[in-house]
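# Coordinate analysis (summary)
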Amino acid sequence: MLKKLLCAITVSAILLSALLPVTAENASTSGSTTTAMRMQPLFDKYNGLTQLNIDIERAKYPDIKNHWGSNYIAKISALEIIAGYTDGRFGPNDKLLGGQYILMLMRAIGYSPEVPQGVPYYKPFTDLALKEGILTKGEISDYTKPITRELAASLARRTIGKYENVPHDYFVKGSDPYPSKGNKGFFDNVYTGYQKLKMTDYPTITSKYLQDVIDCYRIGLLTGSNNKFNPKGTLTRAEASVIIIKLLDKKARVESIPSASESFKWKNSNTNNGEYDNEAAGFYENKEYTLYKGLFPMMEIWETAQTMYKNRSLITGGKIDFTYSEKNKSFAINYFNSQDHFNQYMNDIYGLILPLNGIGIATQRSQIKKGQKESLYDNGNGWLYEISSYEVDKYNKDLKNYSYELLKLWFGKDYEQAKNIHDQYLGYALNDIDWKHQIYLLNGRQISVVGGNGDSGNVFSFQVWAKGFITKDTMLNLN
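Reference entry: report on the structure contained in this document. (Residues numbered from 1 in each chain as written. Predicted model: local features only at pLDDT ≥ 70, side-chain atom pairs only at ≥ 80, totals over all residues. Heavy atoms only, no water.)

### Thoughts on the nonpolar core
Residues Tyr101, Met104, Met106, Ile147, Leu155 and Ile244 are the most contacted members of the largest nonpolar core, which totals 63 residues. Of all the secondary-structure elements, those providing two or more residues to this core are helix H2 (34-47), helix H4 (70-78), helix H5 (98-108), helix H6 (123-132), helix H7 (149-160), helix H9 (207-219) and helix H10 (237-248). With near-sequence residues (within four places) excluded, Met106 lies in contact with Tyr111, Phe125, Leu128, Ala129 and Ile134. One finds Phe264, Tyr324, Phe462 and Ala466 within the second-largest nonpolar core, a separate group that totals 51 residues. (Core = buried A, V, L, I, M, F, W, Y, C linked by side-chain atoms within 4.5 Å. Buried < 20%, exposed > 50% of the residue type's maximum accessible area, 1.4 Å probe, protein only. Helix = DSSP H or I, 4+ residues; strand = E, 2+ residues; numbered from the N terminus. Contact = heavy atoms within 4.5 Å.)

Here it is, written out as structure tokens:
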């Protein structure tokens, strides 16, 4: 008896689940625009769909039974946005025609015009799209031909803009007290480069559609495959079904933004009350950047910059100046003994007062061709990273532990050996021993290290080459 009761409860639960809405995902809009209000009945119908409704629609089309897009197709069919062919097929892999896409977009924003007899099915919908400003005159020359992916993306972006606020992620000056300079320098969508990483073919996107495609990636309306968007390719009926559901349902989208492991913030120092901007070098004080993987020509540059910034609390004294140059995509940390030392540096018109300790990334060298001076293959002048100290007591006290974190990143399993070399030559400078210079090769990186007393007093320099550019056969020979 108990077993029968349990079976009855299970069957009832299954039946009940089929009758419940399959999603509580509210495809709500941002504000009560005319478009949003017109769409409300469609949203209500969408949110009221049950699994039973979807299964019934899916069963109508035998050719979607095992198709990846069957769930999306069943939903738009239930919403009466588009149906299958008269022969009972949906044709999920058929190329989508321009007229079909415009019809789907207009129905998705609540329009359901009558189609007069003898008029092409798409004509009332294209007229509405032109009136709404979603479509421009002449943009589609033949509505019976397939639509390109880039145009489909642009039309979807214009459509969603009618009822949602698409994010505008711009670089800003942060808390800059001089907002008049707010749009100086690199002023672009923060995540533009990140989306381009997912589209190795983005240079082939027609320029007038590029930002719309980027926005569609950003908010999760469209994606490509194998890091390609294929802008001149066509869209299938199944792919269009996905776009329509994502237009209606925010929770069906996955926003494309760098994860915490893929990005970090770097903020240039607020050094001299807005007077420290150097436009020639592309440096803007107090400007904050979101820096993400792929923004730089080499991944290790991004990893080094991230390590430099996130470990800044290990610098235990002095006045620290963080600088990022947009022009060269180069980073530096300059150490001044005190605020007074820094003020002298800022007011020195002759270039005689300098930071006496620093760490820098010479990113621009990654763009120099092999064989030219200062390329990464140049074993004399092609270093990518440099730690330098002309006031070694301060460096030893306030910066050494910070530098160790960089050595861990650069040298990995050979960290202890690199640390010993670092400490040995720093020791020569600390102990007023005659100047010494040596070349090493560790973890695929050349090191040029100097330490001791020379013409410039007690100095220490630790230059590191990019990994893999200098080999045992090409490393510098001091003999």
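Resuming the write-up.
### What to know about unusual backbone geometry
The bulk of non-glycine residues show a negative phi, and the bulk of peptide bonds are trans. The backbone phi angle of Asn227 is positive, close to 60°, even though this residue is not glycine. Structurally, Asn227 can be placed in the loop between H9 and H10. By relative accessible area, Asn227 is classed as partly exposed at 42%. The phi torsion at Asn230 lies on the positive side, around 60°, for a residue other than glycine. Inspection of the secondary structure puts Asn230 in the loop between H9 and H10.

### A look at helix H11 (residues 299-310)
The first and last C-alpha atoms of H11 sit 17 Å apart over 12 residues, in line with the 16 Å expected at 1.5 Å per residue. Counted residue by residue, H11 has 9 buried out of 12 residues, so it is predominantly covered. (Expected span 1.5 Å × (residues − 1).)

### Digging into the packing of H7 against H10
Interhelical geometry of H7 versus H10 gives an angle of 15° and a closest axis separation of 11 Å. With respect to their mutual orientation, H7 and H10 come out roughly parallel. The two elements H7 and H10 meet at a crossing, and its hand is right-handed. Two secondary-structure elements touch here, H7 through Arg149, Ala156, Thr159 and Ile160 and H10 through Glu239, Ile243 and Leu247. (Axes fitted to C-alpha atoms, helices over the stretch in contact; angles between N-to-C directions. Parallel < 35°, antiparallel > 145°, perpendicular 65-115°, else oblique. Left-handed = near helix turned anticlockwise from the far one by under 90°.)

### A word on the pattern of salt bridges
Once their charged atoms are close, side chains differing in charge can pair, the charge on each being opposite to the other. Overall, the coordinates contain 21 salt bridges when judged by the stated rule. Of the charged contacts in the structure, one is a salt bridge between Glu255 and Arg218, with a shortest N-O distance of 3.5 Å. Residue Glu255 is located in the loop between H10 and strand E1 (263-267), and its partner Arg218 is located in helix H9; the two are separated by 37 residues in the primary sequence. Note on Glu255: relative accessible area 44%, which makes it partly exposed. Beyond isolated ion pairs, a larger network of salt bridges with shared partners links Arg38, Glu132 and Lys162. (Salt bridge = Lys/Arg side-chain N within 4 Å of Asp/Glu carboxyl O.)

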